[in-house]
Amino acid sequence: HSGMFTYDPGFTSTASCESQITYIDGDEGVLLYRGYPIEQLAEHGDFLETCYLLLYGELPTPAQKADFDYRVGRHTMVHEQMARFFQGFRRDAHPMSVMVASVGALSAFYHDSTDISDPHQRMISSMRLIAKMPTLAAMAYKYTIGQPFVYPQNNLDYPSNFLRMCFSVPCEEYKPNPILARALDRIFILHADHEQNASTSTVRLAGSSGANPFACIAAGIACLWGPAHGGANEAALKMLQEIGTVDRIPAYIAKAKDKNDPFRLMGFGHRVYKNYDPRAKIMQRTTHEVLNELGHKDDPLLEVALELERIALHDEYFIEKKLYPNIDFYSGITLKAMGFPTSMFTVLFALARTVGWIAQWKEMIEDPSQKIGRPRQLYTGATRRDYVSPAQRR
Ligand code: SDX
């Protein structure tokens, strides 16, 4: 009985599935995309190369990569009526609520995407989602700060295009910082896929009924929003801000260890990793790079994070329960330094995870043996009993 699903060896429960995309060894802290270590992909490649790898299963040749980049570029704009769709939101709407709605609304513009039996349509929908998520994410941000939408500019690389759509304004020249763009690209690689996490399982379950891919990705975004999952990056930064200074850390460690206190250290612990999250190590290094580039190397939030990690990793509670920092522990400090508000942190996680969701969705749809998902349950309710009329109820 693990979490939401019940495993019964006698049944091939939908809670477990076969996949060839991502491998995690939680005890060793290993993460492979199609067999390649995350450390090498983050070091040597770019996010669109990782997208190609996750979708097609192999690293692209230079010609395949150039063609893939060009094809993604052809889909970066959204239908102009999407801009009017945004006008219906309150300006103070959380950007994740806007993303759930607008990504789901894409299916209103691409009726042909509902034909999931057509391999060409499946690939086109995958490209549309990878290409349009940055545009929609930037629109969600611009809408909530009352600035005009910025159209994509395809002569920029993927992360620079996104940074420009978020931070440029019509009245000023904007040149994306290549160091920040490279750091953001690496953050996207780290978040691209992660085996059968809650939001990926949501996308698979939604897709198993034959729902169109845009609706399935909207379901994944909804699940990712929770603070126990992708929402942890926003929650972790708010926790670091609330702690504020190093001397206040022991009180929070005590709260996290108190069984009667629901408080948990945001950005710590993981369903699978019972060792250091390999992404967190790369994330920490990226945080230092970005803060140095921006001249914030003495950021008090980083000082609190490093001291909190040091104390926790030497505390018997965290050691015994194998609680280590996960990817969400450092990502917020980096994204905040880049200029993103905390409300955009999980949006960026969703932007990057879209390729993992859609690659897993495609793998499931293309598996001839797949059936509609139907998690099993262990019934623990009332046994059969007869109806009691209202007059006889006590
Ligand atoms: C992501 O699944 C994925 O792959 C997700 C993800 C991805 O890429 O898709 O990696 C992204 O969601 C990372 C996780 C982000 N969430 C957080 O940082 C929120 C804080 N973490 C916890 O909510 C928790 O660690 C979970 C939800 C992440 C994991 O939950 P588990 O596996 O159910 O952990 P657990 O409850 O089994 O932990 C074992 C013990 C428990 O104590 P006991 O009941 O055994 O006494 O450790 C305790 C927990 O209470 N514990 C914590 C803790 N996390 C677990 N105690 C204090 N602080 C924490 N953060």
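A brief structural summary. For every chain, the first residue of the written sequence is number 1, and numbering continues from 1 onward in sequence order. Whole-chain, interface and lining totals are the exception, using all residues; otherwise, since this is a predicted model, local features are given only for residues with pLDDT of at least 70 and side-chain atom pairs are given and counted only at 80 or more. Hydrogens and water molecules were not included; the side-chain quantities draw on all heavy atoms of the structure.

**Let's talk about the overall build of the protein chain**
Alright, step 1. In this description a helix means any DSSP run of H or I spanning at least four residues, a strand means any run of E spanning at least two, and both kinds are numbered starting from the N terminus. Tallying secondary structure elements over the protein chain gives 17 helices and 3 strands in all.
Alright, step 2. Within these notes, the globule rule equals 2.2 Å times the number of residues to the 0.38 power, and the radius of gyration is based on C-alpha atoms. What you see for the protein chain is a C-alpha radius of gyration of 22 Å, in line with the 21 Å of a compact globule of 394 residues.
Alright, step 3. Each principal axis of the C-alpha distribution contributes one length, and for the protein chain these read about 75 × 60 × 50 Å.
Alright, step 4. Burial classification: accessible surface area is computed with a 1.4 Å probe over protein chains only, and a residue below 20% of its type maximum counts as buried, one above 50% as exposed, and the rest as partly exposed. Across the 394 residues of the protein chain, 51% fall into the buried class.

**What about the nonpolar core?**
Alright, step 1. Counting residues in hydrophobic clusters, the biggest one holds 117 residues, and the most contacted among them are Phe47, Phe162 and Phe340.
Alright, step 2. Considering every element that reaches this core, the biggest residue donor is helix H17 (residues 345-365), with 14 residues.
Alright, step 3. Sequence-distant contacts of Phe47, that is, excluding residues within four places in its chain, are made with Tyr158, Asp185, Phe188, Ile189, Ala192, Ala352 and Val355. Think of a nonpolar core as a cluster: buried Ala, Val, Leu, Ile, Met, Phe, Trp, Tyr and Cys residues, connected wherever their side-chain atoms sit within 4.5 Å. Any two residues whose heavy atoms approach within 4.5 Å are treated as being in contact.

**Concerning the site of the ligand**
Alright, step 1. Taken together, 25 residues lie near the ligand, and His194, Leu265, His270, Arg279 and Arg353 sit nearest.
Alright, step 2. Under this definition, polar contacts are N or O atom pairs within 3.5 Å; protein pairs additionally need one hydrogen-donor-capable and one acceptor-capable atom, and for neighbouring residues in sequence, both atoms have to be side-chain atoms. His194 is positioned with one of its side-chain polar atoms (N or O) 2.6 Å from an oxygen atom of the ligand.
Alright, step 3. Lys321 is positioned with one of its side-chain polar atoms (N or O) 3.0 Å from an oxygen atom of the ligand.
Alright, step 4. With the chains in place, 79% of the 1000 Å² that the ligand exposes on its own is no longer accessible.
Alright, step 5. Looking at the shell around the ligand residue by residue, the classes come out as 10 nonpolar, 7 polar and 8 charged. If a single non-hydrogen atom of a residue is within 4 Å of a molecule or strand, that residue counts as near it. Only the protein chains shown count as cover for residues, with accessible areas throughout obtained via the Shrake-Rupley method and a probe of 1.4 Å. For this classification, Asp, Glu, Lys and Arg are treated as charged, while Ala, Val, Leu, Ile, Met, Phe, Trp, Tyr, Cys and Pro are nonpolar and the rest, including Gly, are polar.

**Describing the packing of helix H6 (residues 119-144) against H17**
The description of two packed helices rests on the angle between their axes and on the distance between the axes.
Alright, step 1. H17 packs onto H6 with a crossing angle of 170 degrees between their chain directions and a minimal axis gap of 9 Å. On the basis of their axis angle, the class for H6 and H17 is roughly antiparallel. Residues Arg122, Met123, Ser126, Leu129, Ile130, Met133, Pro134 and Ala137 of H6 form the contact with H17, whose participating residues are Val347, Ala350, Leu351, Thr354, Val355, Ile358, Trp361, Lys362 and Ile365.
Alright, step 2. A breakdown of the residues in the contact of H6 with H17 according to their chemical character gives 13 nonpolar, 2 polar and 2 charged. To obtain an axis, a line is fitted to C-alpha atoms, over the contacting stretch when the element is a helix, and the angle between two such axes runs from 0 to 180 degrees between their N-to-C directions. To sort the angles, those under 35 degrees are grouped as roughly parallel, those over 145 as roughly antiparallel, those from 65 to 115 as roughly perpendicular, and the leftovers as oblique.

**Considerations on the environment of Asp277**
Alright, step 1. Mapped onto the fold, Asp277 is located in the loop between helix H12 (249-257) and helix H13 (278-293).
Alright, step 2. Distance from Asp277 to Leu31, taken between C-alpha atoms, is 8.6 Å for residues 246 residues apart in sequence.
Alright, step 3. If we skip the residues at most four places from it in the chain, Asp277 touches Pro325, Asn326 and Ile327.
Alright, step 4. In this structure the side chain of Asp277 is engaged in a polar contact, spanning 2.8 Å, whose partner is the side chain of Arg279.

**Regarding the environment of Gly146**
Alright, step 1. Looking at the element boundaries, Gly146 is found in the loop between H6 and helix H7 (158-167).
Alright, step 2. A C-alpha to C-alpha distance of 7.2 Å links Gly146 and Arg91, two positions 55 residues apart in sequence.

**Examining the packing of helix H11 (residues 232-243) against helix H16 (residues 327-338)**
Alright, step 1. With their axes 8 Å apart at the nearest point, H11 and H16 run at an angle of 75 degrees to one another. One element, H11, and the other, H16, form an angle in the roughly perpendicular class. The residues of H16 that touch H11, namely those facing Ala232, Asn233, Ala236, Leu237, Met239, Leu240 and Gln241, are Asp328, Phe329, Ser331, Gly332, Ile333 and Lys336.
Alright, step 2. Along the lines of polarity and charge, the residues of the contact of H11 with H16 split into 7 nonpolar, 4 polar and 2 charged.

**Let's talk about the sheet that holds strand E1 (residues 22-25)**
Alright, step 1. In space, the 3 strands of this open sheet follow the order E1-E2-E3, with antiparallel pairing throughout. A single partner strand is all that each edge strand has here, and the edge strands are E1 and strand E3 (36-37).
Alright, step 2. The pairing of strand E2 (residues 30-33) with E3 spans 2 bridges and is antiparallel. The partner of Tyr33 across the bridge, within E3, is Tyr36. What makes two strands pair is DSSP finding at least two bridges between them.

Interpretation note: all reported values are geometric properties and have no functional meaning in isolation.
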